[in-house]
Amino acid sequence: EDKVVQSPLSLVVHEGDTVTLNCSYEVTNFRSLLWYKQEKKAPTFLFMLTSSGIEKKSGRLSSILDKKELSSILNITATQTGDSAIYLCAVEATSGTYKYIFGTGTRLKVLA
Amino acid sequence: KAGVTQTPRYLIKTRGQQVTLSCSPISGHRSVSWYQQTPGQGLQFLFEYFSETQRNKGNFPGRFSGRQFSNSRSEMNVSTLELGDSALYLCASSLSVSNYGYTFGSGTRLTVV
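Owing to the predicted nature of the structure, the values given are computational and were not obtained by experimental measurement. (Residues numbered from 1 in each chain as written. Chains lettered and ligands numbered in written order. Predicted model: local features only at pLDDT ≥ 70, side-chain atom pairs only at ≥ 80, totals over all residues. Heavy atoms only, no water.)

Enquirer: How should I be thinking about the pairing of strand 5 (residues 42-50) of chain B in this particular structure?
Expert: Walk down a regular strand and you will see the side chains alternate between the two sheet faces. All names here are of chain B. Taken across its nine residues, strand 5 has eight buried, putting it largely inside the fold. Here strand 4 (residues 31-38) runs beside strand 5; their pairing, made up of eight bridges, is antiparallel. Bridged to Q37 within strand 5 is L43. The turn linking strand 4 back onto strand 5 is made up of three residues. Note that strand 5 and strand 6 (residues 53-57) share four bridges and pair antiparallel. Across the sheet, F50 pairs through a bridge with T53, a residue of strand 6. Counted along the chain from strand 5 to the antiparallel partner strand 6, the turn is two residues long, and its residue S51 has a positive phi close to 50°. (Buried < 20%, exposed > 50% of the residue type's maximum accessible area, 1.4 Å probe, protein only. Helix = DSSP H or I, 4+ residues; strand = E, 2+ residues; numbered from the N terminus. Pairing = 2+ DSSP bridges.)

Enquirer: Which parts of the structure should I look at to understand the sheet that holds strand 7 (residues 64-68) of chain B?
Expert: Strand pairing in a sheet takes place through backbone hydrogen bonds and is either antiparallel or parallel in direction. Residues and elements named next belong to chain B. Judged by pairing direction, the sheet is antiparallel, and its four strands sit side by side in the order 1-3-8-7 without closing on themselves. In this open sheet, the two edge strands, each paired with only one partner strand, are strand 1 (5-7) and strand 7. When the angles between neighbouring strand axes are averaged without regard to direction, this sheet yields 15°. The pairing of strand 7 with strand 8 (residues 74-78) spans five bridges and is classified as antiparallel. In the sheet register, G66 faces strand 8, and the bridge partner there is M76. (Axes fitted to C-alpha atoms, helices over the stretch in contact; angles between N-to-C directions.)

Enquirer: Just to check I follow, could you spell out the environment of S94 of chain B for this structure?
Expert: Mapped onto the fold, S94 of chain B is located in strand 9 (residues 87-94). Measuring from C-alpha to C-alpha, the distance between S94 of chain B and T20 of chain B comes to 22 Å, with 74 residues separating the pair along the chain.

Enquirer: Teacher, can you tell me more about the packing of aromatic side chains here?
Expert: Each aromatic ring pair is described using two quantities: the centre-to-centre distance and the angle formed by the ring planes. Enumeration according to the criterion identifies 13 aromatic pairs over all chains in this entry. A connected cluster of aromatic rings, assembled from ring pairs, spans Y36, F45, Y100 and F102 of chain A together with Y35, F45, Y102 and F104 of chain B. (Phe/Tyr/Trp six-rings, centres within 6.5 Å; stacked < 30°, edge-to-face > 60°.)

Enquirer: What is the right way to look at the interface of chain B and chain A in this model?
Expert: Put simply, an interface is often sized by how much accessible area is lost when its parts join up. Taken together, the 26 residues of chain B in the interface contact 19 residues of chain A. Counting each side, the surface lost to burial between chain B and chain A is near 1,800 Å², with a carbon and sulfur contribution of 55%. Between chain B and chain A we count zero salt bridges in total. Between chain B and chain A we count two residue pairs in polar contact (both at pLDDT 80 or more) in total. In terms of residue count, strand 5 of chain B provides more of the side of chain B that touches chain A than any other element does, four residues in total. (Contact = heavy atoms within 4.5 Å. Buried area = accessible area lost by both parts, 1.4 Å probe. Salt bridge = Lys/Arg side-chain N within 4 Å of Asp/Glu carboxyl O. Polar contact = N/O pair within 3.5 Å; in protein donor to acceptor, adjacent residues only side chain to side chain.)

Enquirer: Could you clarify how one ought to interpret the pattern of salt bridges in this entry?
Expert: Residues and elements named next belong to chain A. Counted under the stated rule, the structure contains seven salt bridges over all chains. The residue E39 makes a salt bridge to K37 at a minimum N-O spacing of 3.9 Å. Using a relative accessible area of 52% as the deciding quantity, one classes E39 as exposed. A residue is classified by how much of its surface remains accessible, and K37, at 13% relative accessible area, is buried. The closest approach of N and O atoms between R60 and D83, which form a salt bridge, is 2.8 Å. A residue pair is termed long-range when its members are at least 10 positions apart, and R60 in the loop between strand 6 (56-58) and strand 7 (61-66) and D83 in the loop between strand 8 (71-76) and strand 9 (85-93) qualify at 23 residues. Taking the relative accessible area as the measure of exposure, R60 reaches 24% and is therefore partly exposed.

Enquirer: I would appreciate a short explanation of the nonpolar core in the present structure.
Expert: Generally speaking, a soluble globular protein has its nonpolar side chains buried in company with each other. Of all hydrophobic cores here, the largest spans 23 residues; its most connected members are V4, Y25, L33, W35, Y87 and L108 of chain A. Those elements that place two or more of their residues in this core are strand 3 (19-26), strand 4 (30-38), strand 5 (44-49), strand 7, strand 8, strand 9 and strand 11 (106-111) of chain A. With five residues, strand 9 of chain A is the single largest residue contributor to this core. Sequence-distant contacts of L33 of chain A, that is, excluding residues within four places in its chain, are made with C23, Y25, F47, M48, L49, L65, S72, C89, A90 and V91 of chain A. Judged by nonpolar contacts, the second largest core, of 21 residues, contains L46, F60, F64 and A87 of chain B. (Core = buried A, V, L, I, M, F, W, Y, C linked by side-chain atoms within 4.5 Å.)

These figures capture arrangement, not role.
Laid out in structure tokens, this is it:
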């Protein structure tokens, strides 16, 4: 059964800390891995990763995919209170009936 | 440009009733997908429509159905509501089925009592 597992489930840090969120997957016919940030309701797109070892970066956020280890990490440096959100990882698999398989998310809280 | 619009924002229904949720995609987006989000299960894929045709379907019972109109607007219907159907229902649109540019709406919070 295809699945996506995120860790940790929740995390509390202080402003300025660096955090690393993990996403591991077991899917057949992997196509891509996506990261989303969900603050209130609508998840917003962060990154899409398809190739191993190529870091995607946007400001203080960066992400990389390791196809050998079937995993991805999302790094946030110099965290701010505005980074508090649920971070979702989704994997697109081209087999079966599922389009995107989402993990349950990591809830990040950044304290001032 | 307007984002993905979902209506209503909140809904309270009783067990056994049915409900219809609406999603208007971003103008020009022809693919609409629906997800159910609950605290324990995360986001679970319901179905995807493209050009009025269901292209993908998740592992949900037949009580969950949907459709897409010629203007790409989509509706999903849940019949014979159960308490466990209480969730945030999110709609996402993209240009095409194979396009990765998902844009989510703010969702409809359904509470079944």
